[in-house]
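Residue strings, one per chain:
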Amino acid sequence: MRVRVASFRFRPAAALKTTILTILCIIFITYLFYSSTYESNATLQEDAQFTKTLYSVNAIDNDGDGRDNVNDEIIVYPRNKVKKDENIASKNKWKILLDTDYQRRLSKAYDHCLTRPAGMAKRIIIDKRRTSALCIVPKVGCTHWINIFRFINNETDGVLYEKPSDIPRWVTHYSHYKTLDYTIVRRADKTKDGKYFSKLSFLGDAFRFMFVRHPIRRLLSAWLDKFLLPDFWFSDGPYVASYLKLPARDNVCPTNISFNQFLRFVTHPHFEKWPYDLNDHWKPLRYLCDPCVFKPHLIGKMETFSQDVKTALSAMDVGPYLKEILEGSSSSSSSHDGGGNNNSSKTATPPKTSIPDTIWSSTPYYDDRAVHEMITLTTYTIDWMNAGRNPLYLKSCVISKIFVAQRLWQAFQYNGYIRSNIKFRMTQWDLAEWHKTILQAYSSSWYADKHSRQEQQRNQKETILKMQYKRIPLTTVLKLQSMFWSDYFQFGYDFVP
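Residues numbered from 1 in each chain as written. Predicted model: local features only at pLDDT ≥ 70, side-chain atom pairs only at ≥ 80, totals over all residues. Heavy atoms only, no water.

Trainee: Quick question: what am I supposed to make of the overall build of the protein chain here?
Mentor: Check the secondary structure of the protein chain and you find 20 helices and 11 strands. Within the protein chain, the fraction of its 497 residues that count as buried is 46%. Accessible surface computed for the protein chain: about 26800 Å², of which carbon and sulfur atoms make up 54%. (Helix = DSSP H or I, 4+ residues; strand = E, 2+ residues; numbered from the N terminus. Buried < 20%, exposed > 50% of the residue type's maximum accessible area, 1.4 Å probe, protein only. Areas by Shrake-Rupley, 256 points an atom, 1.4 Å probe, with all protein chains shown as cover.)

Trainee: Please explain the pattern of salt bridges as it appears in this structure.
Mentor: Where charged atoms from two side chains of opposite charge approach closely, those side chains can pair. Applying the stated criterion across every chain yields a total of 12 salt bridges. As a salt-bridge pair, R105 and D308 come within 2.9 Å of each other at their nearest N and O atoms. One end of the pair, R105, is in helix α2 (residues 100–113); the other, D308, is in helix α11 (residues 305–316), with 203 residues separating them in the sequence. For R105, a relative accessible area of 14% gives the class buried. D308 sits in the buried class, given a relative accessible area of 2%. The salt bridge involving D280 is made with K122; its shortest N-O contact spans 3.1 Å. Taken together, the positions of D280 in the loop between α9 (269–273) and α10 (291–294) and K122 in strand β3 (residues 121–126) put the pair 158 residues apart, joining distant regions of the chain. Relative accessible area serves as the criterion here: at 18%, K122 is assigned to the buried category. (Salt bridge = Lys/Arg side-chain N within 4 Å of Asp/Glu carboxyl O.)

Trainee: Please explain the packing of helix α5 (residues 215–228) against helix α18 (residues 450–470) as it appears in this structure.
Mentor: Axis angle and axis distance: for two packed helices, these are the angle between their axes and the distance between the axes, and together they describe the pair. Two elements in contact, α5 and α18, have axes whose closest approach is 11 Å; the angle formed by their N-to-C orientations is 90°. Classified by the angle their axes make, α5 and α18 are roughly perpendicular. Across the interface between the two elements, I216, R217, L219 and L220 from α5 touch E462, L465, Q468 and Y469 from α18. In the contact of α5 with α18, the residues fall into five nonpolar, one polar and two charged. (Axes fitted to C-alpha atoms, helices over the stretch in contact; angles between N-to-C directions. Parallel < 35°, antiparallel > 145°, perpendicular 65-115°, else oblique. Contact = heavy atoms within 4.5 Å. Nonpolar A, V, L, I, M, F, W, Y, C, P; charged D, E, K, R; others polar.)

Trainee: Whenever I open this one, the pairing of strand β4 (residues 132–135) confuses me. Can you help?
Mentor: Put simply, side chains in a regular strand alternate between the two faces of the sheet. Every second residue of β4 is oriented toward a common face, with S132 and L134 on one face and A133 and C135 on the other, all of them buried. Taken together, the three bridges between β3 and β4 define a ladder with antiparallel strand orientation. Opposite I125, over in β4, you have L134 as the bridge partner. Hairpin connection, β3 to β4: the antiparallel pair is bridged by five residues, and R130 has positive phi, about 60°. As paired elements, β4 and strand β9 (residues 207–212) share four bridges and run parallel to each other. Bridge pairing in β9 places L134 opposite F209. (Pairing = 2+ DSSP bridges.)

Trainee: Would you mind showing me how to read the state of the cysteines here?
Mentor: In a disulfide, the sulfur atoms of two cysteines are covalently bonded to one another. Within this structure, the stated rule accounts for two disulfides. Between C113 and C292 runs a disulfide, and the two sulfur atoms are separated by 2.1 Å. Given an S-S torsion of about -95°, the disulfide between C113 and C292 has left-handed geometry. Here the residue C113 occupies a position in helix α2, and C292 occupies one in helix α10, the gap between them amounting to 179 residues. Both residues of the pair, C113 and C292, count as buried. Across the disulfide from C135 sits C289; the S-S distance is 1.9 Å. (Disulfide = S-S within 2.5 Å.)

Trainee: Sorry if this is basic, but what is going on with the confidence of the model for the protein chain here?
Mentor: Interpretation of this model should avoid reading the predicted coordinates in detail wherever pLDDT is low. Mean pLDDT over the protein chain: 75, with 69% of residues reaching 70 or higher. Low confidence marks residues 187–197, where pLDDT is under 50. Its contacts with residues over four positions away, or in another chain, come to 14 contacts. The low-confidence segment residues 347–356, where pLDDT is below 50, has 13 contacts with residues more than four positions distant or belonging to other chains. (pLDDT = per-residue confidence, 0-100.)

Trainee: Would you take a moment to explain the nonpolar core for this structure?
Mentor: What tends to happen in soluble globular proteins is that the nonpolar side chains get buried as a cluster. Of all hydrophobic cores here, the largest spans 107 residues; its most connected members are W145, F209, F262 and W282. The leading source of residues in this core is α5, at eight residues. Excluding residues that lie within four positions of it along the chain, F209 makes contacts with A133, L134, C135, W145, F149, F294, P296, L298, A312 and M316. One finds F234, M385, C397 and V404 within the second-largest nonpolar core, a separate group that totals eight residues. (Core = buried A, V, L, I, M, F, W, Y, C linked by side-chain atoms within 4.5 Å.)

Trainee: Looking at this structure, I do not really get the environment of K273. What am I missing?
Mentor: Examined against the element boundaries, K273 turns out to sit in helix α9. On the basis of relative accessibility, which here comes to 59%, the residue K273 falls in the exposed class. K273 sits 210 residues away from M483 along the chain, and the two C-alpha atoms are 9.4 Å apart.

Trainee: Teacher, can you tell me more about unusual backbone geometry here?
Mentor: A negative phi angle characterises most non-glycine residues, just as the trans form characterises most peptide bonds. For K245, which is not a glycine, the phi torsion comes out positive at approximately 55°. By secondary structure assignment, the location of K245 is in the loop between α6 (237–244) and α7 (248–252). With a phi close to 55°, K295 is a non-glycine residue in the positive phi region. Mapped onto the secondary structure, K295 falls in the loop between α10 and β10 (298–301).

Trainee: Help me understand the environment of R123 in this model?
Mentor: Considering the arrangement of structural elements, one finds R123 in strand β3. Non-local contacts of R123, meaning those with residues more than four positions away in its chain, are made with L134, C135, I136, P138, Y182, T183, D280 and L288.

Trainee: How should the side chain of S486 be read in this particular structure?
Mentor: By secondary structure assignment, the location of S486 is in helix α20 (residues 485–491). Within the local environment of S486, its side chain forms a polar contact with the side chain of R116, the two groups lying 3.1 Å apart. Among all residues touching S486, those that are not within four sequence positions of it are H112, R116, R286 and F491. (Polar contact = N/O pair within 3.5 Å; in protein donor to acceptor, adjacent residues only side chain to side chain.)

Trainee: Any chance you could explain the packing of aromatic side chains here in plain terms?
Mentor: Geometrically, a pair of aromatic rings is defined through the distance of the ring centres and the angle of the planes. Summed over all chains, the structure comprises 31 aromatic pairs. Measuring from ring centre to ring centre gives 5.5 Å for Y243 and F265, while their planes differ by 75°; the resulting arrangement is edge-to-face. Of this pair, Y243 sits in helix α6 while F265 sits in helix α8 (residues 259–266), placing them 22 residues apart in sequence. Look at F259 and F262: their rings are 6.4 Å apart centre to centre, the planes differ by 25°, and that puts the pair in the stacked class. Here F262 and F259 lie together in helix α8, a separation of three residues that amounts to about one turn. Take F259 and F262: they sit in the same class, and that class is buried. Ring pairing ties together the aromatic residues W223, F227, F232, F259, F262, W282, Y414 and Y469, which thus form one cluster. The ring of F232 has K226 lying over it, and the distance from NZ or CZ to the ring centre is 4.9 Å. (Phe/Tyr/Trp six-rings, centres within 6.5 Å; stacked < 30°, edge-to-face > 60°. Lys NZ or Arg CZ within 6 Å of the ring centre and 35° of its normal.)

So, in structure tokens, the structure goes:
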């Protein structure tokens, strides 16, 4: 019996052909995969170079002192973001101080854009002249900035206010916009031919700016305003209780959510996987106001808020409103017309008149920002209770005003307004007595000298901040650092709480 053995014949030409085809296929697939990424990175590099050029041009001798001066003011023209046939950039310009701090912030932010995919710019407010655009970041002075935009554009429900800080919080956050554009911008949309285009084109050449804050400070501020105080008790409180599987009582009456529980909620596995599902008040900036998408011309910081506000206002060219915004002096009805007022507008009563003059006269610091913040927050919180929000919850959760007053007192101590060793002693609620108590506590807490007083307040806030985070488990802190890593790197913040 014969056994036939199959023979194999090696054919070099066929093997070479197969190898070449395989290599070509790999190259083609790789090209398709990285082509869009390369195009996106090229655009980001172009924007980064534009921003660096904007802030690193040679200083101009604007003051006639015969030398280049980095403190001189220069005029720069932004790159035109609209259609080429629309020569808007030739019509609008703004003045930006050539400052190395702002240059470093922008350079660091844009360099970080090359290391990760872009996020989104979710909330943008534009003035009616379309010359200024703010990307709103909650818990980073957003109330202050929305009030400024409302003030200079007369978006205050037909009521005239002497200065932006007089606008009630209810108007600030819940009143509708008539002339201001308040737009939600996603990452990008696709055209029919499959190409991407930026939805930021509607901003034209408006001056774009945003403000940022250290993540750990922003998170503590969010808990203070929304969960220590009653603002989010019945809107987000039940979700926190549900995610953390707290007792049924906390689902019905979520008034005692601790800072530790709040951070456990933020770092829940669901939000680690889908962080864009978080509330805007504690969402990472990448999913809220990403500089890689918004492309700001100025990034301000909460840590240098006063100076950065002045820089942004000078670039916004607010003109006749600058005095009212910076100094808080009164403005006439005609100067606040903004082109959109009519004779039917009413003049608002300043918040101070709701408090007896005898109480104000006993407090030497009644014009201080901290006192104004305490009065404003008290008014907002009491209005929240009087409005009877979420009545189904209020029926099952009895909340007294004296209980809320005690929380306000605690919040004022956390914010450095009242010394931490002064105890709350009110037993019955009375608004006039409350105002008198907090003003006297404030005036007796700190030195009369303004600089020394502010230094003492900062020290108390730092002490409370460290105390709060020392109680947080290390695993939770590490999860926070992982979730907010982009905020840390992009804006130059330290990881250590």
